Amino acid sequence: MKRTLLSAMILLPLAIFSQTVTGKITQAGSTVSYIEVIAVKDQKKQTAISDEKGNYTLKLSENGNYNIKLIQEGTEISSMNVVVNGDVKQDFFIERKNEKQIEGVTLTARKKLIERKADRLVFNVSNSVASQGMDGADALATTPLVKVDDNAGVSIAGKSGVSVMINERILNLSSAELVTYLKSLRSENIEKIEVITTPPAKYEAQGNSGLINIVLKKNQNLGWSGSFTTSLQQQTYTAFSNSATINYQNEKLRSSLKLRQNKYEKHSFENYWIEGAEGLKSHDDRRDFGDGLGANLSIDYQLGKKSNVGFIYDYGFGHSNMDIENTSDYFQNEIYTNTLSTDAEHRGKTTQHTVSAYYDLKFGKQDNKLSITGNYFSNNPKNIIDFTTTENSGNNFVVKSPSIVDYKIYSGQADLTLPYQFAKTEAGVKFTNFDNNSSIFYQNLNNGSYVTDPLKSNEFEYNEKNYAAYISLEKSFNEKWSAKAGLRYEYSTVNGNSLTSGEQTENSYGKFFPTAYVTYKSDESNTFNLNYSKRINRPGFRAINPYRWYININSYFTGNPLLKPSINHNFEFSHVYKGKLSTSVYFQRTLDAFGQVASLSGESRTSTFFNFYNQNNIGVTLNYSDTFLKFWEANYSADVSYMSTEVFATDALSKKGYGYDFDFQNNLSLNKSKTIQLILNYWFRLPSNSGNVYMDFAGNFTSGIKISLMEKNLQINAMVSDIFKQSRSIGEIYYSTGTHSYNNYYDARRLTLSATYTFGNKKVKGSGRNVNFDEKYRAN
């Protein structure tokens, strides 16, 4: 009896949809991809979407007379009455007389650059004139709500530390490496960019700042394609980068090989001072320089009609160096006491390997999908810091501080998609293991030999295991209402061991992470969304590791092995009007938030991480995108927020205040063919407050010109960034013991000249399989 009941439960969903309509959609002898197919009977609708080869499959709950419509980009392009009695095969041939209509639809769609879905805002790059003929970093910078900065990385309005994905595969790179990698992409290969401010249960609960997903174009064209890009930057010093891409595709194989190389050098200044009973004035004159090489190989092979396997390997090697001249003046009750002058050389070398393999299988009449993925990441940075500190008295201290860090992360996951008519169901499980072993030594030069100081040295072993499972349901109730809800559970075990001090830490915790989305489309012009998600923000490995990173003999940065993750509750209500105006009101509650806290005791300045505050952040974001007079494409955004911080530990002061961010992007086509374009962009932040930090005005005015030659196969860009030298980092940090102030500039004013040449069949895009590997981000 139990077996019969179980069988009935399994087979019931399949028995309900026993009628199937299948076919192919073609036009002028070519297949038409991604057409929405809608079957209507007695005001009941059932839908499907054609695949890359134009094939579609409609599952129907009953026989009868149906009206089947084809919808392309929101407009009906064909309609046919079909009698269904069992399984039916029905092909659609779009006649040539409809081509003008379809072309007209495409032109109309270009004005609708923004779409609002249940859990994300979609920016259609392929419909944006301003986003063509540029690299991926520039295309991302034109996306509503998104800001790209060489030092700070990528951020969403009102949030920072955003993770970026390519076809849902996390790019686990540092801020500078991420921007370099994005520059190797071409905007012509990007279909759309999705801004996911409240990620659903399918994604890792890690991080409180949302996700950005760059979706590359796909098609079935065969052959070769490729591109080569070279870029020259002139700041205080000269820097350059090069990238090359080769794609090959046949009926079963899709492959891509990407090579990248860069060399950089820039001049920066950092000024830091502390006012209080114990005072400090510190000045850094810094030269950053380094180089990098990288390669990425992606292979996807179709085993059968419904299964495929893939392999992705990414290799990166580089040097990261700094020469720093630091002067630190110390005070007691505003009376000068001493000066430490330090000349330091930082030499770093890192080697990274990332391997991902996957297997995808579609099965059943519903085209259920099972995906199994394995990931491995290793990073082995080696650093040596040599510095000499001279006191006011003339005493010299010569120090060598070598360090070796070994990160290893591996994960395995399985995801199941069941597209039932009553709701699209997704479920999955995942396991991740983190290993972080590091050694840092502090060695004094005594009588010509370096002697290790055990009190300032440390060897640290760290292991973390995460177990996760999730389920989500997505349902369209009618043309106006749709909803999505999910629940994710994560259980973590953490073990830290300081071999030098003998200190050990053990911790384990499990938490549920719900997500919910409701969408209401009142008409073609207005779409409303209400979203909620709970997230966790686990500290990066460097924030946990207790090794010390010395500035001079008395000052250092260090991690805190007792650091706990913070929890975030995110609410968002948004409205999109005619695909042009997007308005979002958001509220974020952060519990047990952590950050760096600096303190000064005599001449010893330390900076480490603590969980020390809770925070409420409420704000509104506006974005307007439109095209004026056919040649002027504009994208304007503004974010205004109010933040309240409650400090419960350390001597940081609780603060309240407003934040103001604005971004104006303009692209003007100077000829009818739009092969010559003028860029005028300006972002700025008014004096704002965040936590216990006050930030002064900052801005960046960028202008340039883009020229397309050789039938757009050759793209030449010339851009000047930070023309008015406003991209400074100036502000104050408030503590009960005194105010800490900073004034930094990181050589943001620069001239960039770049050229990209594309060859072969440009419709061939190579492999672009979705692989999630979020955890690797924490190793940077």
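Just so it is clear, the structure is predicted and the values come from calculations on it, not from any experiment. (Residues numbered from 1 in each chain as written. Predicted model: local features only at pLDDT ≥ 70, side-chain atom pairs only at ≥ 80, totals over all residues. Heavy atoms only, no water.)

Novice: How would you explain the nonpolar core if you had to name every residue and give the values?
Specialist: One finds Phe387, Tyr442, Ile553 and Tyr735 to be the most contacted residues of the largest nonpolar core, which totals 24 residues. Sorting the residues of this core by element identifies strand 20 (253-276), strand 23 (335-363), strand 25 (382-391), strand 37 (581-601), strand 38 (604-628) and strand 46 (728-735) as the ones contributing at least two each. Broken down by element, this core gets its largest block of residues, four residues, from strand 37. Among all residues touching tyrosine 442, those that are not within four sequence positions of it are Phe387, Val399, Lys400, Val451, Thr452, Asp453, Lys456, Ser457, Tyr550 and Ile553. (Core = buried A, V, L, I, M, F, W, Y, C linked by side-chain atoms within 4.5 Å. Buried < 20%, exposed > 50% of the residue type's maximum accessible area, 1.4 Å probe, protein only. Helix = DSSP H or I, 4+ residues; strand = E, 2+ residues; numbered from the N terminus. Contact = heavy atoms within 4.5 Å.)

Novice: So what's going on with the pairing of strand 16 (residues 190-196)? Residues and values would help.
Specialist: Burial of strand 16 is extensive: six of the seven residues sit out of reach of the surface. In terms of strand pairing, strand 11 (residues 121-123) meets strand 16 through three bridges, oriented antiparallel. Bridge pairing in strand 16 places phenylalanine 123 opposite isoleucine 193. Across six bridges, the pairing between strand 16 and strand 17 (residues 211-216) is antiparallel. Of the residues in strand 17, the one forming a bridge with isoleucine 193 is isoleucine 214. (Pairing = 2+ DSSP bridges.)

Novice: Help me get a handle on the side chain of aspartate 415, residues and values and all.
Specialist: Mapped onto the fold, aspartate 415 is located in strand 26 (residues 396-419). Taking relative accessible area as the criterion, aspartate 415 reaches 11% and is therefore assigned buried. Within polar-contact distance, the side chain of aspartate 415 engages the side chain of glutamine 413 at 2.8 Å. Setting aside anything within four residues of it in sequence, one finds aspartate 415 in contact with Lys369, Leu370, Ser371, Ala427, Gly428 and Tyr470. (Polar contact = N/O pair within 3.5 Å; in protein donor to acceptor, adjacent residues only side chain to side chain.)

Novice: Tell me what's going on with the pattern of salt bridges, and back it up with residues and numbers.
Specialist: The final tally for this structure, using the stated rule, is 17 salt bridges. Salt-bridge contacts for arginine 260 lead to aspartate 314; the nearest nitrogen and oxygen are separated by 2.9 Å. Remark: aspartate 314 occurs in strand 22 (residues 307-332) and arginine 260 occurs in strand 20; sequence separation between them is 54 residues. Both residues of the pair, arginine 260 and aspartate 314, belong to the buried class. For arginine 488, the salt bridge is made with glutamate 490, and the minimal N-O distance between the two is 2.8 Å. Pair check on accessibility: arginine 488 and glutamate 490 agree, each one buried. Through salt bridges with shared partners, a single network forms among Glu265, Arg287, Asp323 and Arg347. (Salt bridge = Lys/Arg side-chain N within 4 Å of Asp/Glu carboxyl O.)

Novice: Quick one: what's the story with unusual backbone geometry, residue by residue and with numbers?
Specialist: For asparagine 333, which is not glycine, the phi torsion reads 55 degrees and is therefore positive. You will see that lysine 674, though not glycine, has its phi angle at about 60 degrees, which is positive. Tracing the backbone shows lysine 674 in the loop between strand 40 (656-669) and strand 41 (676-686). When its relative accessible area of 29% is taken as the criterion, lysine 674 is described as partly exposed.

Novice: Any chance you could break down the packing of aromatic side chains for me, citing the residues and the numbers?
Specialist: For the structure on display, the rule yields 27 aromatic pairs. With 5.4 Å between their ring centres and 20 degrees between their planes, phenylalanine 701 and phenylalanine 724 make a pair best called stacked. Remark: phenylalanine 724 occurs in the loop between strand 45 (714-721) and strand 46 and phenylalanine 701 occurs in strand 44 (residues 698-709); sequence separation between them is 23 residues. By relative accessible area, phenylalanine 724 is classed as exposed at 52%. Among the aromatic side chains, those forming a connected cluster through ring pairs are Tyr636, Phe662, Phe664, Tyr682, Phe684, Phe697, Phe701 and Phe724. Sitting above the plane of the phenylalanine 513 ring, lysine 534 keeps its charged end 5.7 Å from the centroid. (Phe/Tyr/Trp six-rings, centres within 6.5 Å; stacked < 30°, edge-to-face > 60°. Lys NZ or Arg CZ within 6 Å of the ring centre and 35° of its normal.)

Novice: Which residues make up the pairing of strand 18 (residues 223-234), and what values do they have?
Specialist: Relative to strand 19 (residues 238-249), strand 18 is paired through twelve bridges, and the arrangement is antiparallel. Within the sheet, the bridge partner assigned to serine 225 lies in strand 19 and is asparagine 247. Once strand 18 ends, the chain turns through three residues before running back antiparallel as strand 19. Strand direction decides the pairing type here: strand 18 and strand 48 (residues 750-760), joined by ten bridges, are antiparallel. The residue bridging leucine 232 from the neighbouring strand is leucine 753, located in strand 48.

Novice: Can you break down a nonpolar patch on the surface residue by residue, with the values?
Specialist: Residues Trp224, Ile246, Leu257, Leu259, Leu297, Ile299, Phe311, Leu709, Met710, Ile716, Tyr757 and Phe759 make up a contiguous nonpolar surface patch of about 1000 Å² in total accessible area. Those elements that place two or more of their residues in the nonpolar patch are strand 20, strand 21 (278-304) and strand 48. Within the element layout of this structure, methionine 710 appears in the loop between strand 44 and strand 45. (Patch = residues over 30% accessible without salt bridge, like charges linked within 9 Å, V, L, I, M, F, W, Y side chains within 5 Å. Areas by Shrake-Rupley, 256 points an atom, 1.4 Å probe, with all protein chains shown as cover.)

Novice: I'd like to hear about the environment of threonine 527, residue by residue, with values.
Specialist: For threonine 527, the position within the fold is in strand 33 (residues 526-537). For the pair threonine 527 and glutamate 115, spaced 412 residues apart in the sequence, the C-alpha separation amounts to 8.8 Å.

Novice: So what's going on with the confidence of the model for the chain? Which residues, and what values?
Specialist: Per-residue confidence for the chain averages 83 on the pLDDT scale, and 85% of its residues sit at or above 70. For the stretch residues 1-17, pLDDT sits under 50, and the model shows ten contacts to residues farther than four places along the chain or on other chains. Of the regions scoring below 50 in pLDDT, residues 97-111 engages in 19 contacts with residues more than four places distant in sequence or in other chains. (pLDDT = per-residue confidence, 0-100.)

Novice: Give me the lowdown on the environment of asparagine 495, citing residues and values where you can.
Specialist: Within the secondary structure layout, asparagine 495 lies in strand 31 (residues 481-498). Residue asparagine 495 is classed as partly exposed on the basis of its relative accessible area, which comes to 32%. Expressed as a C-alpha distance, the spacing of asparagine 495 and glutamate 506, which sit eleven residues apart in the sequence, is 4.6 Å. Not counting the four nearest positions on each side in its chain, asparagine 495 is found in contact with Glu461, Tyr462, Asn463, Thr505 and Glu506.

Novice: Tell me about the environment of aspartate 386, and please be specific about residues and values.
Specialist: Here aspartate 386 shows up in strand 25. Note: C-alpha distance between aspartate 386 and serine 401 (15 residues apart in sequence) is 6.4 Å. Among all residues touching aspartate 386, those that are not within four sequence positions of it are Asp343, Ala344, Glu345, Val399 and Lys400. There is a polar contact of 3.0 Å between the side chain of aspartate 386 and the side chain of lysine 400.

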